[in-house]
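For reference, the chains in residue letters:
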Amino acid sequence: MVRAPDRVRAGRGSRIDPTPREQSRARYPDRTGFAERDGIQTFYEVYGQGEPAILLAPTWSIVHSRIWKSQIPYFARRHKVVAFDARGNGRSDRPPLVEAYAERELAADLLAVMDATDTERAVLVSLSLGAQRALIAAAEHPTRIAGLVFIGPAVPLGSGVPGRDAPFDEPLDTDDGWAKYNRHFWRRDYEGFLEFFFAQAFTEPHSTKQIEDAVDWGLDGDPETLILTEGARGLDADATVRLCAGIRCPTLVIQGDADAVTGPGRGFALAEAIPNARLATIRGGGHIPNARDPVRINLLIRDFVRTIGTLPP
Amino acid sequence: MTAVTVSRTAAPTTRTWTRSLSRRRRALYLSSPIGLGHAQRDVAIADELRLLQPDLEIDWLAQHPVSDVLEARGERIHPLSAELASESAHFTAEASDHDLNAFQAIRRMDEILVANFMVFHDAVEAGEYDLVVGDEAWDVDHYLHENPELKRTAFAWMTDFVGWLPMPSGGEREAFLTADYNAEMIEHVERFPRIRDRAIFVGEPDDIVPDDFGPGLPSIREWTERHYAFSGYVTGFDPTPLVERREDLRRELGYHADERVVIVTVGGSGVGEALLRRVIASYPDAARRVNGLRMIAVAGPRIDPAVLDAPAGVEVRAYVPELFKHLAACDLAVVQGGLTTTMELAAAGRPFLYFPLRDHFEQNRHVRHRLARYGAGRYMDYDASPPEVIAEAIAAEIDRPIDYLPVESDGAARAAALIAPLI
């Protein structure tokens with residue numbers, strides 16, 4: 001057994017390329033644009049063609065739509081694929097109001113992007129916090145959503161990760177571990193927070209590239225905006241259960257059992273709460289398996305999509 | 001809202017399954033498009049494989065520039081090849097001036113590698129292949145080890161170097177990253193020996209660098225000797241006839257007996273303009289030192305000859321057909337540090353100066369080590385070589401007696417003999 005050397009923290013200023021530019025993509029969008037709602041612009045990309053369309057929902061605004069870079073080129077060979085940056089990161093607007101980041105607003109953006117891209121109906125694939133906006137959209141607009149895929153869903157069901165209970169708003173006398181999940185620390189060392197957070201997101205060994213990518217996308221955002229998203233209104237447990245009970249479309253939950261960000265229990269609970277949902281467990285998998293195990297996740301989504309007709313219910 | 005409708009009258013989709021003993025032997029061959037050399041050696045190996053197994057049908061999952069070589073030979077190119085994302089365009093995008101951090105370029109190609117692995121997977125899922133040959137097909141090797149249940153055929157893996165090595169400019173971080181990549185590769189291979197049915201090192205054990213994979217990791221040579229078979233170098237062509245009739249060749253190419261011909265070439269990529277300019281600038285000084293010096297600079301398809309500002313006496317050509325003949329006939333060549341061209345010059349027994357791209361670990365460490373073993377060529381540090389240093393090196397090397405170790409000429413046959421038992 002060979003042991004990998006201990007992780008060396010990249011740290012500020014130690015990047016090999018001091019001005020990182022976006023690396024080559026495997027595929028570039030056929031069309032880009034902005035969907036506008038209440039004066040707020042949401043940047044989207046459209047790739048490929050073919051039914052059913054696949055809508056890659058944005059996750060928490062800590063990153064933008066590049067988080068789907070391992071899915072887009074594959075699915076765009078057979079399907080219309082739509083990806084967009086949630087307000088708060090990437091090329092979308094960053095409204096300076098906490099209310100603007102409520103899950104209902106993001107669900108409305110999702111529908112607005114579907115309208116702007118002439119996407120009547122799509123399989124909706126979400127990651128982490130994207131689950132909440134996906135649930136709202138699917139429960140309230142069932143004719144628009146042909147199927148749901150949740151990856152590492154961050155929903156207030158089941159149990160979370162032990163030790164993630166440090167207060168967000170109060171100054172703390174420690175920066176250890178999840179104490180970094182704190183507005184004062186974000187303002188002090190945003191990159192340090194991102195490095196910590198994505199090291200938790202990718203618990204799998206040999207994830208240096210995935211962590212670097214995610215930190216870079218995080219640095220495309222900013223701490224003040226992320227603080228607003230943290231204060232915004234998400235779903236509570238009752239609302240989540242109600243929305244889940246109303247889901248009628250085919251559903252797949254993909255959950256890593258070594259997820260150290262939400263804990264695996266939330267995904268398992270979501271799969272139980274949605275009628276007839278299927279659960280695919282990634283043993284040894286972390287929070288963002290679409291980036292760390294892209295081949296398997298692509299094939300899981302492919303097989304799921306194959307079982308879905310394109311007719312509305 | 002309009003519903004999406006599915007046509008009920010579409011023709012039925014059809015599938016064919018061939019009974020096992022009705023199947024022809026079929027191989028899917030992948031040849032790395034990074035650099036220009038793999039295509040040449042892989043078609044030579046494919047020819048030898050067909051000699052050993054005459055009913056073998058080979059499809060190539062290939063992209064530019066490999067596909068150009070294959071099309072010219074009338075090889076069968078898998079239709080899904082059209083869906084591959086370009087690795088060579090990525091490498092060109094990663095390079096600048098005389099600089100290419102090859103390790104980081106591979107890392108930054110991860111999106112392309114996943115996308116291309118998915119294309120590969122589609123091809124083998126539908127193709128009834130018995131064998132996959134991957135010559136530095138990084139995507140196939142990596143993702144098969146990550147997804148071992150997706151292996152559907154025998155797999156022969158080939159490479160001419162083992163081990164990611166850090167360059168000094170990358171500091172502690174790059175040393176950590178290369179070791180981590182090596183450690184993952186070692187864990188993959190040791191945990192899943194069933195993935196690579198045959199691992200072939202294109203070279204001999206002495207070509208392996210004397211380094212470790214990283215702190216606490218094995219010696220590259222010791223580990224590679226345990227996990228690989230050795231084919232010797234594969235030139236892809238036999239230089240002997242060219243070498244034997246070199247004087248005739250010179251006449252055919254218009255090189256006079258009293259001329260000392262220097263060929264400067266940077267391959268087909270856009271990387272190399274800086275080197276071309278600098279070598280061209282050395283010409284007046286070099287011509288004072290070497291009587292009858294004639295310099296021919298090959299710009300290649302990506303560099304505009306007009307931008308090179310060549311002084312009088314230097315011929316700049318956009319393209320030279322059968323360049324290898326010119327290299328075999330010349331008095332001295334000036335090239336980058338890529339393995340294929342330098343080894344062609346070693347096999348042809350010509351003196352040459354080679355300038356590895358800055359931060360390119362393969363050219364600076366693996367290739368340099370191999371060339372030193374053959375005693376071939378003179379390593380040049382681009383940063384320490386202003387035109388006068390190049391002129392001096394041209395004068396010193398052009399009359400150097402050639403005492404290179406002979407380059408193997410049976411490499412393709414040896415590689416094929418190692419692969420053939422799998423089909």
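Residues numbered from 1 in each chain as written. Chains lettered and ligands numbered in written order. Predicted model: local features only at pLDDT ≥ 70, side-chain atom pairs only at ≥ 80, totals over all residues.

### So, the sheet that holds strand S5 (residues 154–159) of chain B
All names here are of chain B.
Phase 1: Read from one edge to the other, the open sheet built from seven strands follows the order S3-S2-S1-S4-S5-S6-S7, with strand pairing classed as parallel. Both edges of this open sheet fall to strand S3 (76–77) and strand S7 (229–230), since each of them pairs with a single strand only.
Phase 2: Note that strand S6 (residues 198–201) and S7 share two bridges and pair parallel. Counterpart to Phe 201 in the pairing with S7 is Phe 230. (Pairing = 2+ DSSP bridges. Helix = DSSP H or I, 4+ residues; strand = E, 2+ residues; numbered from the N terminus.)

### A short note on the environment of Val 133 of chain B
Residue and element names in this part refer to chain B.
Phase 1: In this structure, Val 133 sits in strand S4 (residues 131–135).
Phase 2: Residue classification places Val 133 among the buried residues on the basis of 30 C-beta atoms within 10 Å.
Phase 3: Remark: the alpha-carbon pair of Val 133 and His 78, spanning 55 residues in sequence, is separated by 14 Å.
Phase 4: Once residues within four sequence positions are removed from consideration, Val 133 is found in contact with Ala 27, Tyr 29, Leu 30, Ala 156 and Ile 419. (Buried ≥ 20, exposed ≤ 12 C-beta atoms within 10 Å, placed from the backbone. Contact = placed C-beta atoms within 7 Å.)

### Regarding the pairing of strand S2 (residues 57–60) of chain B
Residue and element names in this part refer to chain B.
Phase 1: Of the two faces of S2, the one lined by Ile 58 and Trp 60 is fully buried and the one lined by Glu 57 and Asp 59 carries no buried residue.
Phase 2: Bridging between strand S1 (residues 26–31) and S2 involves four bridges; their strand directions are parallel. Its bridge partner lying in S2, Arg 26 is registered against Glu 57.
Phase 3: The sheet contact formed by S2 and S3 spans two bridges and is parallel. Along S3, the bridge assignment pairs Asp 59 with Arg 76.
Phase 4: The handedness of the S2 to S3 crossover, carried by helix H2 (residues 66–73), is right-handed. (Right-handed = clockwise from strand over helix to strand, strands pointing away.)

### Focus: helix H5 (residues 190–201) of chain A
All names here are of chain A.
Phase 1: Counted at 1.5 Å a residue, the expected span for H5 with its 12 residues is 16 Å, and the 16 Å between its end C-alpha atoms agrees.
Phase 2: Every buried residue of H5 is listed here: Phe 193, Leu 194, Glu 195, Phe 196, Phe 197, Phe 198, Gln 200 and Ala 201.
Phase 3: Of the surrounding elements, those touching the buried residues of H5 are helix H4 (183–188) and helix H6 (208–219). (Expected span 1.5 Å × (residues − 1).)

### Regarding the sheet that holds strand S6 (residues 145–151) of chain A
Residues and elements named next belong to chain A.
Phase 1: The strand order across the open sheet formed by eight strands is S1-S2-S4-S3-S5-S6-S7-S8, and the pairing between neighbours is mixed. If you trace the sheet from one side to the other, it starts and ends with strand S1 (31–37) and strand S8 (278–282), each paired once. The mean inter-strand angle of the sheet, taken between neighbouring strand axes irrespective of direction, is 20°.
Phase 2: Helix-sheet contacts for helix H2 (residues 103–116) involve S1, strand S2 (40–47), strand S3 (53–56), strand S4 (81–84) and strand S5 (122–127), and the interaxial angle to S1 is about 130°.
Phase 3: Its contacts with the sheet place helix H9 (residues 264–273) against S6, strand S7 (251–256) and S8, and it is angled at close to 165° to S7. (Axes fitted to C-alpha atoms, helices over the stretch in contact; angles between N-to-C directions.)

### Observations concerning helix H16 (residues 387–397) of chain B
Phase 1: Of all the residues in H16 of chain B, the buried ones are Ile 390, Ala 391 and Ile 394 of chain B. Projected down its long axis, H16 of chain B shows its buried positions confined to an angular sector of 100°, all on one face. (Arc of directions from axis to C-beta.)

### Let's talk about the domain arrangement of chain B
Residues and elements named next belong to chain B.
Phase 1: Domain boundaries assigned for chain B yield domain 1 (22–234 + 410–422) and domain 2 (240–397).
Phase 2: Taking the mean C-alpha position of each, domain 1 and domain 2 sit 28 Å from one another.
Phase 3: Of all the elements in the fold, those that place two or more residues in the side of domain 1 that touches domain 2 are helix H1 (37–52) and helix H4 (102–107).
Phase 4: Among the residues forming the side of domain 1 that touches domain 2, the class breakdown is 12 nonpolar, eight polar and five charged. (Domains from an automatic or database assignment. Nonpolar A, V, L, I, M, F, W, Y, C, P; charged D, E, K, R; others polar.)

### Quick notes on the nonpolar core
Phase 1: The biggest cluster of nonpolar side chains holds 222 residues, and the ones touching the most others in it are Val 82, Leu 124 and Leu 270 of chain A.
Phase 2: Per element, the largest residue contribution to this core is nine residues, and it comes from helix H5 (residues 110–127) of chain B.
Phase 3: Here this core gathers at least three residues from each of two domains, domain 1 (22–234 + 410–422) and domain 2 (240–397) of chain B.
Phase 4: Apart from residues lying up to four places away in sequence, Leu 124 of chain A is in contact with Leu 55, Ala 57, Ala 134, Ala 137, Ala 138, Ile 145 and Leu 148 of chain A. (Core = buried A, V, L, I, M, F, W, Y, C linked by C-beta atoms within 7 Å.)

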